[in-house]
Amino acid sequence: MPRTTMRAPNPDWTDPDCPVARTLDLVGDRWSLLVIRDAMDGTRSFTEFQRRTGIARNILTDRLRKLTAHGLLAQRTAPSGRRQEYVLTDAGRDLFPVVLTLRQWGERHAFAPGETHSTLVDEHGTPVPDIAPTGADGTPLGTDTTHVHRTR
């Protein structure tokens, strides 16, 4: 799958050498990730994004422009030919594990025991298993078994 790359460093990036900081500068606000989440659920139109998120029109316009400019969403003519719609690009779809991990963290830590919440299921209706990062040899990875290697 082709990767989207940024051309030149953006002077507004929080920490230009850190992939986490760059990613958060692109999609780290609440509304951007909720738009991406809804696009993953099949939302395509401005009106539907607004209805599902409750976001103000001006903020939604800004986020859709930003996500499109950074190559996470693409605009195309809807099948009806009357409107534009937004679809995930490969880079946008690559955020699926990020959204899934946030969802799973939220299921564990953002709800009281027994409190109802939505659950992501696969095409057979089975809950999606928890994501657990592993090393090349299959051993679990965590904060105590990894470190950042600076390339400069």
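Residues numbered from 1 in each chain as written. Predicted model: local features only at pLDDT ≥ 70, side-chain atom pairs only at ≥ 80, totals over all residues. Heavy atoms only, no water.

A description of the overall build of the protein chain should follow, citing residues and the corresponding values.
Looking only at helices and strands, one finds six helices and two strands in the protein chain. The helix and strand sequence of the protein chain, counted from the amino end, reads α-α-α-α-β-β-α-α. Overall, the protein chain is about 55 × 45 × 30 Å in size when its C-alpha atoms are taken along their principal axes. Per-residue burial for the protein chain yields a buried fraction of 25% across its 152 residues. When contacts within the protein chain are restricted to residue pairs at least 6 apart in sequence, those whose partners lie at least 24 apart make up 39%. Counting only carbon and sulfur atoms, one obtains 54% of the accessible surface of the protein chain, whose full area is about 11000 Å². Computing the positive centroid from 20 side-chain charges and the negative centroid from 19, the protein chain places the two 9 Å apart. (Helix = DSSP H or I, 4+ residues; strand = E, 2+ residues; numbered from the N terminus. Buried < 20%, exposed > 50% of the residue type's maximum accessible area, 1.4 Å probe, protein only. Contact = heavy atoms within 4.5 Å. Areas by Shrake-Rupley, 256 points an atom, 1.4 Å probe, with all protein chains shown as cover. Lys, Arg positive; Asp, Glu negative; His and termini not counted. Charge placed at Lys NZ, Arg CZ, Asp CG, Glu CD.)

So what about helix α3 (residues 46-53)? Which residues, and what values?
Considered for burial, the residues of α3 that qualify are Phe46, Phe49 and Thr53. In a view along the axis of α3, the buried residues occupy a sector of 65°, so they form one face of it. Close packing links the buried residues of α3 with α2 (30-40), α4 (57-69) and β2 (84-88). Count one or two residues on from α3 and you reach Gly54, which has phi positive near 80°. (Arc of directions from axis to C-beta.)

Please set out the confidence of the model for the protein chain residue by residue, giving values where relevant.
The predicted model of the protein chain has a mean per-residue pLDDT of 90, with 91% of residues at 70 or higher. Ranking the elements of the protein chain by mean pLDDT puts helix α1 (residues 19-27) last with 89 and helix α5 (residues 90-93) first with 98. (pLDDT = per-residue confidence, 0-100.)

If you had to explain the pairing of strand β1 (residues 73-77) to someone new, which residues and values would you point to?
Relative to β2, β1 is paired through five bridges, and the arrangement is antiparallel. For Gln75, the partnering residue across the bridge sits in β2 and is Tyr86. Here β1 folds back onto β2, and the loop between the two strands holds six residues, one of which, Gly81, carries a positive phi near 80°. (Pairing = 2+ DSSP bridges.)

Tell me about the packing of aromatic side chains, residues and numbers included.
As enumerated under the stated definition, the model contains one aromatic pair in all. Ring geometry for Phe49 and Tyr86: centres 6.4 Å apart, planes at 70°, overall edge-to-face. With Phe49 in helix α3 and Tyr86 in strand β2, the pair connects residues that are 37 residues apart, well separated along the chain. For Phe49, a relative accessible area of 0% puts it in the buried group. Sitting over the face of the ring of Trp31, Arg30 holds its NZ or CZ atom 4.7 Å from the ring centroid. (Phe/Tyr/Trp six-rings, centres within 6.5 Å; stacked < 30°, edge-to-face > 60°. Lys NZ or Arg CZ within 6 Å of the ring centre and 35° of its normal.)

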